[in-house]
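Topology and contacts: notes
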Amino acid sequence: IMATMKIADSRIKPTFELEAAELQLGMAPVAGVDEAGRGPWAGPVVAAAVILDPARIPDNIDDSKAMDEDGRAFLYNRIMKVADVGVGIAELDRIDRDNILGATLWAMGEAVAALKSKPRLVLIDGNKAPRISIETRTIVKGDAKCLSIAAASIIAKVTRDRIMMAVAREYPGYGFERHKGYGTPEHQAAINRLGVCALHRRSFKPVQLALGLL
């Protein structure tokens, strides 16, 4: 049986082990936090915080990058039904004023504050944590290791994709509904053709180049 296992299946899936250990130490509730949209040239950055109920964890939660759109949408609905979920959205003005890292950390803090329960511990994807009055722990590649962070990655990604698909109708021709603001060849060609629009991050180099600021 092992010989027929596809390479893709050998990737380690996120588990609830870290959260379970912390819960046994009395650190309940534990929240996982992740973001979507640090890299794009346009649109907001979205952070999500998720407290999973150990008794009602949806099956097949995975790092959002490892899933297709339908899989993410399905799990988004399942997570929203059974978990405590908070979302924080940093808009363009904040991204351009505070830089993308500052805006991302602010959105993470907002996501944690939006939870119904105040967590005892917040597990954060990456190597930088927002300044909040709760114990935090950063986990590099946390969305691939830790189930709460993976759940947050799904919420953040689906929320941001839906925002970009909605605003695409206001700014037709750029293809935001497809590339979601990321720096794809289609996006670059649209900027070359149509110029920069109100959704573009003025602090990002490709946008500054298009505006003739560099």
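Residues numbered from 1 in each chain as written. Predicted model: local features only at pLDDT ≥ 70, side-chain atom pairs only at ≥ 80, totals over all residues. Heavy atoms only, no water.

**Topic: the overall build of the protein chain**
For clarity, the cut-off: Going along the chain from the N terminus, every DSSP run of H or I of four or more residues is numbered as a helix, and every run of E of two or more is numbered as a strand. Within these notes, the globule rule equals 2.2 Å times the number of residues to the 0.38 power, and the radius of gyration is based on C-alpha atoms. Each residue's exposure class comes from its accessible area (1.4 Å probe, protein chains only) as a fraction of the maximum for that residue type: buried when under 20%, exposed when over 50%, partly exposed otherwise. Any pair of residues with heavy atoms lying within 4.5 Å of one another is described as a contacting pair. By the counting scheme adopted, Arg and Lys are positive, Glu and Asp are negative, and His together with the chain ends is not counted. By convention, the charge on Lys lies at NZ, on Arg at CZ, on Asp at CG and on Glu at CD.
When its secondary structure is counted, the protein chain shows seven helices and five strands. Order of helices (α) and strands (β) in the protein chain, N terminus to C terminus: α-β-β-α-β-α-β-β-α-α-α-α. Taking 17 Å as the expected radius of gyration for a compact globule of 214 residues, we find that the protein chain reaches 18 Å, a close match to that expectation. By principal-axis analysis of the C-alpha atoms, the protein chain measures approximately 55 × 50 × 30 Å. For the protein chain, buried positions account for 47% of its 214 residues. Within the protein chain, residue pairs in contact and separated by at least 24 positions form 64% of the contacts whose partners lie at least 6 positions apart. Both charge centroids of the protein chain, one from 29 positive and one from 26 negative side chains, sit 3 Å from each other.

**Here's the deal with the packing of aromatic side chains**
Note the threshold: Each pair of aromatic rings taken from Phe, Tyr and Trp, with Trp reduced to its six-membered ring, is defined by centres within 6.5 Å and is described as stacked if the planes are under 30 degrees apart, edge-to-face if over 60, and tilted in the remaining cases. Only lysine NZ and arginine CZ atoms are considered, and such an atom sits over a ring when it is within 6 Å of the ring centre and within 35 degrees of the ring normal.
Under the defined criterion, the tally for this structure stands at one aromatic pair. Ring centres of Tyr174 and Phe176 lie 5.3 Å apart, and the angle between their planes is 20°; on these two criteria the pair is classed as stacked. The pair Tyr174 / Phe176 is uniform in exposure class, with both members buried. Against the face of Trp106 rests Arg94, its NZ or CZ located 3.6 Å from the ring centre. Cation over ring: Arg162 sits above Tyr76, and NZ or CZ is 4.7 Å from the ring centre.

**Quick word on the sheet that holds strand E2 (residues 45-51)**
Heads up, the rule is: By the convention used here, strands pair only if DSSP detects at least 2 bridges between them. Structural elements are reduced to axes, namely lines fitted to C-alpha atoms, with helices fitted over the stretch in contact, and the angle between N-to-C directions of any two is expressed from 0 to 180 degrees.
An order of E3-E2-E1-E4-E5 is seen for the five strands of this open sheet, with the pairing classed as mixed. At either margin of the open sheet sits one strand with a lone partner, and together these are strand E3 (84-90) and strand E5 (135-139). Mean inter-strand twist for the sheet, computed between neighbouring axes without regard to direction, equals 20°. Relative to E5, strand E4 (residues 121-125) runs parallel, the two being bridged by five bridges. Looking at the pairing, Val122 lines up with Thr136 of E5. With respect to the sheet, helix H3 (residues 92-113) is in contact with strand E1 (30-36), E2, E3 and E4, its orientation differing from that of E3 by roughly 170°. Each of E1, E2, E3, E4 and E5 touches helix H4 (residues 147-168); the most contacted strand, E1, lies at about 35° to it.

**Some details on helix H6 (residues 185-194)**
Let me state the cut-off plainly: By construction, the arc corresponds to the directions joining the helix axis to the C-beta atoms.
Every buried residue of H6 is listed here: His187, Ala190 and Ile191. Angular distribution of buried residues about the axis of H6 spans 100°; they occupy a single face of the element. In this structure, H6 carries Pro185, Asn192 and Arg193 as exposed residues pointing more than 90 degrees from its buried face. Where H6 is buried, its residues meet helix H5 (176-179) and helix H7 (205-210). Of the residues one or two after H6, Gly195 is the one with positive phi, at around 85°.

**A word on the layout of surface pockets**
Note the threshold: Grid points spaced at 1 Å and placed over the protein atoms alone form the basis of the search, with a cavity being a set where a 1.4 Å probe fits but cannot get out and a pocket an open set showing protein on both sides within 12 Å along at least five of seven lines. Lining residues have an atom within 4 Å of a point. Grid points are joined across faces, edges and corners, and a volume is the space filled by probe spheres set on the points. For this classification, the nonpolar set comprises Ala, Val, Leu, Ile, Met, Phe, Trp, Tyr, Cys and Pro, the charged set comprises Asp, Glu, Lys and Arg, and every other residue, Gly included, is treated as polar.
Roughly 190 Å³ of internal volume is contained in the largest pocket. Looking at the largest pocket, it is lined by 14 residues, and the ones nearest its centre are Glu35, Ala36, Gly37, Lys65 and Tyr182. Elements that contribute at least two residues to the lining of the largest pocket include exactly E1 and H4. Tallying contributions element by element places E1 first for the lining of the largest pocket, with three residues. For the lining of the largest pocket, the per-class residue count stands at two nonpolar, four polar and eight charged.

**What to know about the pattern of salt bridges**
The condition that has to hold: Salt bridge, as used here: a side-chain nitrogen of Lys or Arg that lies within 4 Å of a carboxyl oxygen of Asp or Glu.
In the structure shown here, the tally under the stated rule is 10 salt bridges. Here Lys65 and Asp63 are joined by a salt bridge, their closest N and O atoms 3.6 Å apart. The exposure class assigned to Lys65 is exposed, which follows from its relative accessible area of 64%. In this structure Asp63 comes out as buried when scored by relative accessible area, which is 9%.

**Some details on the confidence of the model for the protein chain**
The following threshold applies: Residue-level confidence of the predictor is what pLDDT reports, using numbers from 0 through 100.
Chain-level statistics for the protein chain give a pLDDT mean of 94 and a share of 95% at 70 or above. Low pLDDT, under 50, characterises residues 1-7; the stretch is placed with one contact to residues that sit more than four places away or in other chains.

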